[in-house]
Amino acid sequence: MTQLAMAGDDWLSDNDRKRTQRAIAKRKKAAVTCAKKLESAAEALNDYLRACRECDDESSDRVGREWDGRNIMIRDIMEYAGWLDAVYGKESQQ
């Protein structure tokens with residue numbers, strides 16, 4: 001039986017390894033940047049929600065607070081930003 005394709009780490013050239021390392025570094029940098037921007041977006045959304053509460057009209061989230069889409073979005077954004085930071089942020093600290 002003959003081998004039809006070369007695959008695996010043993011068959012990677014130095015250029016392939018460098019290209020992979022650059023791609024991984026680029027992903028890590030983008031993830032850390034994304035986490036920071038997501039945290040800023042969640043903070044801005046929270047500020048908006050706080051301003052809506054001060055208006056004391058239908059724009060506030062007093063009724064069904066936990067089901068308000070803005071609260072859910074803030075929670076989800078912070079959860080994902082935390083995951084990105086935990087996975088990619090800790091690597092940059094090592």
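Residues numbered from 1 in each chain as written. Predicted model: local features only at pLDDT ≥ 70, side-chain atom pairs only at ≥ 80, totals over all residues. Heavy atoms only, no water.

Let us look at the overall build of the chain. Assigned secondary structure in the chain consists of two helices and zero strands. Counting every position in the chain, which comprises 94 residues, the buried fraction comes to 18%. A separation threshold of at least 6 residues defines the contact pool for the chain, and within that pool the share at least 24 residues apart is 53%. Element-wise, carbon and sulfur atoms account for 54% of the exposed surface of the chain, whose accessible area totals about 7,800 Å². (Helix = DSSP H or I, 4+ residues; strand = E, 2+ residues; numbered from the N terminus. Buried < 20%, exposed > 50% of the residue type's maximum accessible area, 1.4 Å probe, protein only. Contact = heavy atoms within 4.5 Å. Areas by Shrake-Rupley, 256 points an atom, 1.4 Å probe, with all protein chains shown as cover.)

What follows deals with the packing of aromatic side chains. Applying the stated criterion to the full structure yields two aromatic pairs. With a centroid separation of 6.3 Å and an interplanar angle of 85 degrees, the aromatic rings of W83 and Y88 are classed as edge-to-face. Linked through ring pairs, Y80, W83 and Y88 together constitute an aromatic cluster. (Phe/Tyr/Trp six-rings, centres within 6.5 Å; stacked < 30°, edge-to-face > 60°.)

So, about the pattern of salt bridges. Inspection of the entire model under this criterion finds five salt bridges. In this structure, the salt-bridge partner of D14 is R17, at a minimum N-O distance of 3.5 Å. In this pair, D14 and R17 are both assigned in helix α1 (residues 14–55), three residues apart and thus about one turn of the helix distant. Classification of R17 as partly exposed rests on a relative accessible area of 35%. Salt-bridge contacts for D76 lead to R75; the nearest nitrogen and oxygen are separated by 3.2 Å. (Salt bridge = Lys/Arg side-chain N within 4 Å of Asp/Glu carboxyl O.)

The next point concerns the environment of A30. Tracing the backbone through its elements, the reader meets A30 in helix α1. Assessed through its relative accessible area of 44%, A30 is described here as partly exposed. A30 sits 54 residues away from L84 along the chain, and the two C-alpha atoms are 9.8 Å apart.

Keep in mind these numbers describe shape, not what the thing actually does.
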